[in-house]
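# A structural walkthrough
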Amino acid sequence: MAISPAVFSRAEAVLGELLRFAAPADATLSQYFRRHGELGRADRAFVAETTFAVLRRKRSLAARCFDDVTSRRLLLASLACVQGLNRRELQSLLSESETKWLADAKAVKLAELPPAVRCDLPDWLYDAFVAQMGQEQAEALAEASKHSAPLDLRVNPQKADRDQVLARLAADGIAGKATPFSPLGIRLAGKPALARHPLFLDGSIEVQDEGSQLLGYLVQPKRGEMVADFCAGAGGKTLLLGALMRSQGRLYAFDVSDKRLAALKPRLARSGLSNVHPVRIESERDARVRRLAGKLDRVLVDAPCSGLGTLRRNPDLKWRQTPQAIEELAVKQASILASASSLVKPGGRLVYATCSPLAAENDAIVDAFLAAHPEFTPLSAGEVLRAQGIAIDAGERLRLSPLEHGVDGFFAAVFVRR
């Protein structure tokens, strides 16, 4: 089907904004759509999908643009060389010179490009992946990260069970299936709009990647316990922890951002949970944190991180992050983990997690923490999950990836205080 020049020009304008990397891509896209309410759903979908497709493969597409890398050429190269649109489908958009260039662009052999360009990664990130996991695994992970992620849901066991939700979705023409690992997860076949669906409005379902759901099972909170989600953000994991506690006990949702905690409030209202207590703190050393020292049964530290495990959803991150930012994050991660650990009582459990595959944010932080805190002993993440009937090939530390598990890239380590 031919593409309208008008909607293509919209995509061109949006991509120009995105490539400035002044803000997260999803936020920039949302702002553009709010400013242009006249765009219909199909046009919005085209703009979002085509611009994000460029962000996923920006470096190899730029190689196809030769010496004239513009938003327009990046989009055309993506449509022709990645999505496979033919000349007839693109002819309403192309000038004579662009038709000739596009033929040359299609003739570029990816295998002949430098490895980091072929993998659509900045040099520093490609080098970090190769040093950590070897070239073959690094390139396979890079390729898996270029594909759009599926839409995963989490069922709220306070309100529904998974079979009921699957049946209701099917009745409404929404195809889905149970996720392979999370007992509460559903993976949809497409990406339907759910914001006005009754199951979403009444809190029976939440959007949450299956990998993120598994972190809640590593915490494994029990009814009546005192628990903290130390970096709660908008509260996706908080709501899962509260549900696993059957809304009994006390669950603190700590975060330094008023805005993020405000986003939790409507989700919390829908969830039906009464045991969640959102608390804004100034820093990880806030007095309200220190008052709980040694009192909590379970603490989850889903630390601020590079987010490089979420490239399927946030492809702009690989172009926005820098080695310097990773170094700064590592300092913050170590400080947050040390402060959060002070809350855990003897016999209590601590979970450290990131949505990054980088050892600098994961193993390096955990190894340094264990060396400095001999009062904590590691538990096997794989054994913790398998004891709950979650059959996943995981060892001492959980390492999830889109390549092996079909989920976002997560790392987690579990400790118990002696």
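Residues numbered from 1 in each chain as written. Predicted model: local features only at pLDDT ≥ 70, side-chain atom pairs only at ≥ 80, totals over all residues. Heavy atoms only, no water.

## Focus on the overall build of the protein
Along the backbone of the protein there are 20 helices and twelve strands. Along the first, second and third principal axes, the C-alpha set of the protein runs to 75 × 50 × 40 Å. Within the protein, the proportion of its 418 residues that are buried is 53%. In the protein, 72% of the contacts between residues at least 6 apart in sequence involve partners at least 24 apart. For the protein, the accessible area works out to roughly 18,100 Å², and carbon and sulfur atoms hold 52% of it. The positive charge centre, built from 57 side chains, and the negative charge centre, built from 48, are 5 Å apart in the protein. (Helix = DSSP H or I, 4+ residues; strand = E, 2+ residues; numbered from the N terminus. Buried < 20%, exposed > 50% of the residue type's maximum accessible area, 1.4 Å probe, protein only. Contact = heavy atoms within 4.5 Å. Areas by Shrake-Rupley, 256 points an atom, 1.4 Å probe, with all protein chains shown as cover. Lys, Arg positive; Asp, Glu negative; His and termini not counted. Charge placed at Lys NZ, Arg CZ, Asp CG, Glu CD.)

## Some thoughts on the environment of Ala25
Relative to the elements of secondary structure, Ala25 occurs in helix 2 (residues 25-35). Those residues in contact with Ala25 that sit more than four places away from it in its chain are Leu18, Phe52, Leu55 and Asp316.

## Thoughts on the side chain of Lys146
Tracing the chain through its elements places Lys146 in the loop between helix 10 (135-144) and strand 1 (152-155). Of the residues examined, Lys146 reaches a relative accessible area of 4% and is grouped as buried. With sequence-adjacent residues up to four places away left out, Lys146 is seen in contact with Arg56, Arg57, Arg118, Cys119, Asp120 and Lys318.

## Remarks on unusual backbone geometry
The phi dihedral of Phe66 falls on the positive side, at around 60°, and the residue is not glycine. Residue position: Phe66 is located in the loop between helix 4 (58-64) and helix 5 (71-82). The class of Phe66 is partly exposed, set by a relative accessible area of 41%. Not every positive phi belongs to a glycine, and Ser247 is a case in point at roughly 65°. Turning to its location among the elements, Ser247 is positioned in the loop between helix 14 (236-244) and strand 6 (250-255).

## With respect to helix 1 (residues 5-18)
Working note: α-helix, 3.6 residues per turn, so residues spaced by three or four point in the same direction. When the terminal C-alpha atoms of helix 1 are compared, their 20 Å separation across 14 residues agrees well with the 20 Å that a helix rising 1.5 Å per residue should span. The set of residues buried in helix 1 consists of Val7, Phe8, Ala11, Val14, Leu15 and Leu18. For helix 1, the angular spread of buried residues about the axis comes to 120°, placing them on one side. Where the residues of helix 1 are buried, they touch helix 2, helix 3 (41-56) and helix 5. Sitting at the head of helix 1, Ser4 places a side-chain oxygen 3.1 Å from the backbone nitrogen of Ala6. (Expected span 1.5 Å × (residues − 1). Arc of directions from axis to C-beta. Polar contact = N/O pair within 3.5 Å; in protein donor to acceptor, adjacent residues only side chain to side chain.)

## Remarks on the packing of aromatic side chains
Applying the stated criterion across every chain, the model contains five aromatic pairs. On the basis of an interplanar angle of 70° and a centroid distance of 6.3 Å, the ring pair of Tyr32 and Phe33 is categorised as edge-to-face. Accessibility classification places Tyr32 together with Phe33 in one group, the buried group. Here Phe369 and Phe376 contribute two aromatic rings whose centre-to-centre distance is 5.4 Å and whose plane-to-plane angle is 50°, an arrangement assigned as tilted. Since its relative accessible area comes to 3%, Phe376 is described here as buried. Site record: aromatic cluster; members linked through ring pairs are Phe230, Tyr252 and Phe254. Cation over ring: Arg73 sits above Trp101, and NZ or CZ is 4.4 Å from the ring centre. Lying over the aromatic face of Phe200, Arg270 brings its terminal NZ or CZ to 4.3 Å of the ring centre. (Phe/Tyr/Trp six-rings, centres within 6.5 Å; stacked < 30°, edge-to-face > 60°. Lys NZ or Arg CZ within 6 Å of the ring centre and 35° of its normal.)

## Observations regarding helix 14
Where burial is concerned, most of helix 14 is hidden: nine out of the nine residues are buried. Every buried residue belonging to helix 14 is among Gly236, Lys237, Thr238, Leu239, Leu240, Leu241, Gly242, Ala243 and Leu244, and all of these are buried. Backbone geometry just downstream of helix 14 places Arg246 in the positive-phi region, at approximately 55°.

## Some thoughts on the sheet that holds strand 4 (residues 205-207)
Overall, antiparallel pairing links the four strands, which are arranged 2-3-1-4 in an open sheet. Sheet topology places strand 2 (176-178) and strand 4 at the edges, where each strand pairs with a single neighbour. Put simply, the sheet's adjacent strands are angled 30° from each other on average, direction ignored. Sheet topology places strand 1 next to strand 3 (residues 185-188); three bridges connect them, and they run antiparallel. Looking at strand 3, one finds that Arg154 is bridged to Gly185. (Pairing = 2+ DSSP bridges. Axes fitted to C-alpha atoms, helices over the stretch in contact; angles between N-to-C directions.)

## Notes on the pairing of strand 7 (residues 276-280)
Note: strand 6 against strand 7, five bridges, orientation parallel. Considered in strand 7, the bridge of Asp255 is made with Arg280. Taken together, strand 6, helix 15 (residues 258-271) and strand 7 form a β-α-β motif whose crossover is right-handed. (Right-handed = clockwise from strand over helix to strand, strands pointing away.)

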